[in-house]
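Fold and contact review
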Amino acid sequence: MGDIPETVSSIKQAAEFTGLSEDTIRYYEKIGLLPYADRKANGHRTYSKYQLEGMVFLTRLKSTGMTLEEMKRYRELSEQGTVSIPQRISILKEHKKRVQSEISRLLETQRIIDYKIDHYNEVFLNPDLNDTACDPVE
């Protein structure tokens, strides 16, 4: 993702920049996950750099499994200013633990897949159909 522009002048541009769909942006505004966009005289949405940064951050949290309710709580706290920083840190630390746990689980799965690939390559080169082991030995 490139530099964040100072402003974009349509929901379409915001969607293209953030990777969120226009419908998702509208939905997030409706449920209070995003603040409502500013409007031009013709009623079209405009988004500031700050709003775009918020959307990008939300996409990162969502992609790592944070629920919409958790993201909404985080956003509500951020609107309270510096007084809520300890609570936001707590939320992010807890989420980081979950992300780290998921990374560990995925790395273990990758290790097993690597083992199976090696095993099947060995079976292919030296067939021993009686060997059905699936427990990688380190």
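Small disclaimer: the values here were computed from a predicted structure and weren't measured. (Residues numbered from 1 in each chain as written. Predicted model: local features only at pLDDT ≥ 70, side-chain atom pairs only at ≥ 80, totals over all residues. Heavy atoms only, no water.)

**Side note on the packing of aromatic side chains**
- Inspection of the entire model under this criterion finds two aromatic pairs.
- Relative to tyrosine 28, the ring of tyrosine 27 has its centre 6.3 Å away and its plane inclined at 50°; by these criteria the two rings are tilted.
- Looking at tyrosine 27, the relative accessible area reads 42%, which means it is partly exposed.
- Tyrosine 28 sits in the buried class, given a relative accessible area of 3%.
- Note on phenylalanine 57 and tyrosine 74: the rings are 5.7 Å apart at their centroids and 50° apart in plane angle, and the pair reads as tilted. Of this pair, phenylalanine 57 sits in helix 3 (residues 49–63) while tyrosine 74 sits in helix 4 (residues 68–78), placing them 17 residues apart in sequence. (Phe/Tyr/Trp six-rings, centres within 6.5 Å; stacked < 30°, edge-to-face > 60°. Buried < 20%, exposed > 50% of the residue type's maximum accessible area, 1.4 Å probe, protein only. Helix = DSSP H or I, 4+ residues; strand = E, 2+ residues; numbered from the N terminus.)

**Describing helix 3**
- Spanning 15 residues, helix 3 covers 21 Å between terminal C-alpha atoms, matching the ideal 21 Å at 1.5 Å per step.
- Turning to helix 3, its buried residues are Gln51, Leu52, Met55, Val56, Leu58, Thr59 and Leu61.
- Positioned one or two residues after helix 3, glycine 65 has a phi angle of 95°, which is positive. (Expected span 1.5 Å × (residues − 1).)

**What about the confidence of the model for the chain?**
- Scored by pLDDT, the chain has a mean of 87; 91% of the residues are at 70 or more.
- Mean pLDDT in the chain bottoms out at strand 1 (residues 7–8), which sits at 78, and peaks at helix 5 (residues 85–125), which reaches 94. (pLDDT = per-residue confidence, 0-100.)

**Overview of the packing of helix 4 against helix 5**
- Between helix 4 and helix 5, the shortest axis-to-axis distance is 9 Å and the interhelical angle comes to 155°. Accordingly, the angle class assigned to the pair helix 4 and helix 5 is roughly antiparallel. With respect to the hand of their crossing, helix 4 and helix 5 are arranged in left-handed fashion. Note on element contacts: helix 5 touches helix 4 through Gln87, Arg88, Ile91, Leu92 and Arg98, opposite Glu70, Arg73, Tyr74, Leu77 and Ser78. (Axes fitted to C-alpha atoms, helices over the stretch in contact; angles between N-to-C directions. Parallel < 35°, antiparallel > 145°, perpendicular 65-115°, else oblique. Left-handed = near helix turned anticlockwise from the far one by under 90°. Contact = heavy atoms within 4.5 Å.)

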